[in-house]
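# Coordinates in review
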Amino acid sequence: MDEESRTTLRLNELGFVFQAYNLIPVLNVEENIGFVMRLRGFSDKEIKQRVLEVATLLEIDNKLKSLPNALSGGQQQRVAVARAVAAKPKIILADEPTANLDSNNSKILMNMMRELNEKEGVSILFA
Amino acid sequence: MYKLILKLAWKNSFLRRSRTLLVIIMIAVSMSMMLAIEGIYDGMVENMVDKNKRSDSGDISIFAKEYRINKDLAYMIKNADEIKAQIENMQGAQAVVLRVKAEGLLSTARKSSFASVVGIDLQEEERFGKFSEFLKEGSIDLQKQGAIVGIELAKTLKVGVGSKVVFSTQDIRGEINSIALYVRAIVQTTNISLDNSAIFIDINQLHKFLGTDSKNAMQIAIRGEDKELYGKLKIAFANLDVKSFLELQPMIKQMQDLMIIFNSVTLLIVMGVVFIGIFGVMYVSILDRVREFGIMISVGMHYKYITIQIFLESIVIGVLGYLSGALLGAVLLTYLEHYGIDLSAFSDALATWGYEAVIYATIKTSYFTTTLGAIMAASIFSVIIPLRKIKKLNPIEVIKAEK
């Protein structure tokens, strides 16, 4: 499989949550969450609706206009999770998503991911 | 999608604001200087061309076939006044003058020098090339054996306004004749040959002195930049020697070519500066954001969109630099067009080359369009190497390494 095909596969089938959040620093929370959806060609209306839906679920809907550097570690990781979930991938690969979080935030995030799994029906593979 | 890319490009262009601003200032300053230099170079040549056309050859000149090889009184244009009237009725001809010329010796009581006497009609010369604007000393008047002398010739003979001079030459019958003249004015045309050797007198007086027919002339000079006029004259007066300005002044053609080379070299240097400036900023900016690109690629952004984003970032810097440079350059050129650069300290050297001491710039749209093209090209080429670096990225490796 060549690089282009791998990129297309990642875009359409997979979602990623990284240990170090890896948000795009110049985009606000709303744009970060909708980033993958934009790459996949969703309409503005669809993106706005879905971003709000996922952000509400992850309790970051009041931070939509903030830049990543204005958020706490826990909030940034929730944005990363929202970005991975928003475009409804078949599977999410989560690479130690709680490694940079304190125990309290880790617990909250894991609960939220479990809830996503139940409500959105998305499979999450933790490493 | 493209809205997002444009947004990313715009925001990233100003991520390191002071660095970007510095490059924009660098482009603006170097570009405006280049525009000013271009304007001055062209202004120098155009001024020289304008003075030469006004004082001597016009846009087109007509001579008898043999005259330019052998400047003998025998080679005059017959019935030049009728030809002049015909040309004046041709489309594109703005002004036409007749001139009679003879070479000889101009003397004072102590000195003498080679000189070329030019018989002119002052009123017509005024219409043709605003002759009075060449005045340096005295008043433009050719009545009662009045003469106007070129500035360098006046210096050579040490004559001033009011001096008496004697011009000697061979008339149409082959006799050596002399005419006493009074210097009424000294002119500076910045046409080297005229300034060095010309003495202007009334055309009718010269005809009388030389014994030539007043219907004849050595030169018919024509003002008119209509490109078709030259062709029409060539056909209409095939038995005469019809020459365009640049055919008569090959040195000025060379000068124009030389200025094009100067301007091209200046453009290349400035473009080099722009290239290095944008390259530096983009390269460092990309190195700073390797991880960001890794993230984008890992979540599914195709390389082509990253390429577009990088090109846009570079073009944003280039365009902002260009706009600032164009604005600064336009202000500078406008100032130089109105007030010029005063190089009076070098006036003697400049006059030797046919330039005036105050040099005025010209403004051409082509300065701005060429520069825009060159800056765009520099902006695009400057990101090719940084892009190759991103192409080689392994997103997962980058994200892992930068944790």
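Keep in mind it's a predicted model, so treat the numbers as computed, not measured.

## Some words on the overall build of chain B
The helix and strand tally for chain B stands at 16 helices and 12 strands. Relative to a compact globule of 403 residues, whose C-alpha radius of gyration would be 22 Å, chain B shows 31 Å and is clearly more extended. Scored against the burial criterion, the 403 residues of chain B give a buried share of 51%. Accessible area of chain B: about 19,200 Å², with a carbon and sulfur share of 58%. Seen as two clouds, the 45 positive and the 40 negative side-chain charges of chain B have centres 11 Å apart.

## With respect to the domain arrangement of chain B
Residue and element names in this part refer to chain B. Its domain assignment divides chain B into domain 1 (2–52 + 252–401) and domain 2 (60–224). Each of domain 1 and domain 2 was reduced to a C-alpha centroid, and the two centroids are 50 Å apart. Taken together, the 9 residues of domain 1 in the interface contact 7 residues of domain 2. Of the roughly 620 Å² buried between domain 1 and domain 2, counting both surfaces, carbon and sulfur atoms make up 48%. Remark: the boundary between domain 1 and domain 2 carries 0 salt bridges. Between domain 1 and domain 2 we count 1 residue pair in polar contact (both at pLDDT 80 or more) in total. Elements supplying a minimum of two residues to the side of domain 1 that touches domain 2: helix 2 (17–57) and helix 13 (347–352). At 3 residues, the largest contribution of residues to the side of domain 1 that touches domain 2 is made by helix 13.

## Here we look at the sheet that holds strand 3 (residues 123–126) of chain A
Hydrogen bonds along the backbone pair up the strands of a sheet, which may run parallel or antiparallel. All names here are of chain A. The strand order 1-2-3 describes an open sheet built from 3 strands, whose pairing is parallel. If you trace the sheet from one side to the other, it starts and ends with strand 1 (14–17) and strand 3, each paired once. Ignoring which end each strand starts from, the neighbouring axes of this sheet average 25° apart. As paired strands, strand 2 (residues 91–94) and strand 3 are joined by 4 bridges and run parallel to one another. Residue pairing for strand 3: Ile91 is matched across the bridge by Ser123.

## Structural notes on the interface of chain A and chain B
With 24 residues of chain A in contact, the opposing surface of chain B contributes 22 residues. Summing both partners gives a buried area of about 2,100 Å² for chain A against chain B, and 65% of it is carried by carbon and sulfur. On the surface where chain A and chain B come into contact, there are 3 salt bridges. For Glu31 of chain A, the salt bridge is made with Lys7 of chain B, and the minimal N-O distance between the two is 2.0 Å. Run the count over chain A and chain B and you get 6 residue pairs in polar contact (both at pLDDT 80 or more).

## Points about the environment of Ala109 of chain B
You can see Ala109 of chain B is positioned in the loop between strand 2 (95–107) and strand 3 (112–120). Each C-alpha atom of the pair Ala109 of chain B and Leu157 of chain B lies 9.7 Å from the other, and the pair is 48 residues apart in sequence.

## Details of the side chain of Asp59 of chain B
Residue and element names in this part refer to chain B. Within the secondary structure layout, Asp59 lies in the loop between helix 2 and strand 1 (60–64). Reaching out from Asp59, the side chain makes a polar contact with the side chain of Lys53 at a distance of 2.8 Å. Those residues in contact with Asp59 that sit more than four places away from it in its chain are Lys53, Ile222, Arg223, Gly224, Glu225, Lys243, Ser244 and Phe245.

## Regarding helix 7 (residues 203–210) of chain B
Residue and element names in this part refer to chain B. Counting buried positions along helix 7 gives 6 out of 8 residues, so the element sits mostly inside the fold. Every buried residue belonging to helix 7 is among Ile203, Gln205, Leu206, His207, Phe209 and Leu210, and all of these are buried. If you follow the buried residues of helix 7, they end up packed against strand 2, strand 3, strand 6 (164–170), strand 7 (176–187) and strand 8 (198–202). Here helix 7 starts with a cap whose side-chain oxygen sits 3.1 Å from the backbone nitrogen of Asn204, and that cap is Asp202.

## So, the pattern of salt bridges
Residue and element names in this part refer to chain B. One pass over the structure, following the stated rule, counts 28 salt bridges over all chains. In this structure, the salt-bridge partner of Arg54 is Asp50, at a minimum N-O distance of 3.0 Å. In this pair, Arg54 and Asp50 are both assigned in helix 2, 4 residues apart and thus about one turn of the helix distant. Owing to a relative accessible area of 8%, Arg54 belongs among the buried residues under this scheme. Residue Arg173 is joined to Asp171 by a salt bridge in which the shortest nitrogen-to-oxygen separation is 3.0 Å. Residues joined in a network through salt bridges with shared partners are Lys53, Asp59, Arg223 and Glu225.

Reading guide: rules and limits
- Residues numbered from 1 in each chain as written.
- Chains lettered and ligands numbered in written order.
- Predicted model: local features only at pLDDT ≥ 70, side-chain atom pairs only at ≥ 80, totals over all residues.
- Heavy atoms only, no water.
- Helix = DSSP H or I, 4+ residues; strand = E, 2+ residues; numbered from the N terminus.
- Rg over C-alpha atoms; globule rule 2.2 N^0.38 Å.
- Buried < 20%, exposed > 50% of the residue type's maximum accessible area, 1.4 Å probe, protein only.
- Areas by Shrake-Rupley, 256 points an atom, 1.4 Å probe, with all protein chains shown as cover.
- Lys, Arg positive; Asp, Glu negative; His and termini not counted.
- Charge placed at Lys NZ, Arg CZ, Asp CG, Glu CD.
- Domains from an automatic or database assignment.
- Contact = heavy atoms within 4.5 Å.
- Buried area = accessible area lost by both parts, 1.4 Å probe.
- Salt bridge = Lys/Arg side-chain N within 4 Å of Asp/Glu carboxyl O.
- Polar contact = N/O pair within 3.5 Å; in protein donor to acceptor, adjacent residues only side chain to side chain.
- Pairing = 2+ DSSP bridges.
- Axes fitted to C-alpha atoms, helices over the stretch in contact; angles between N-to-C directions.

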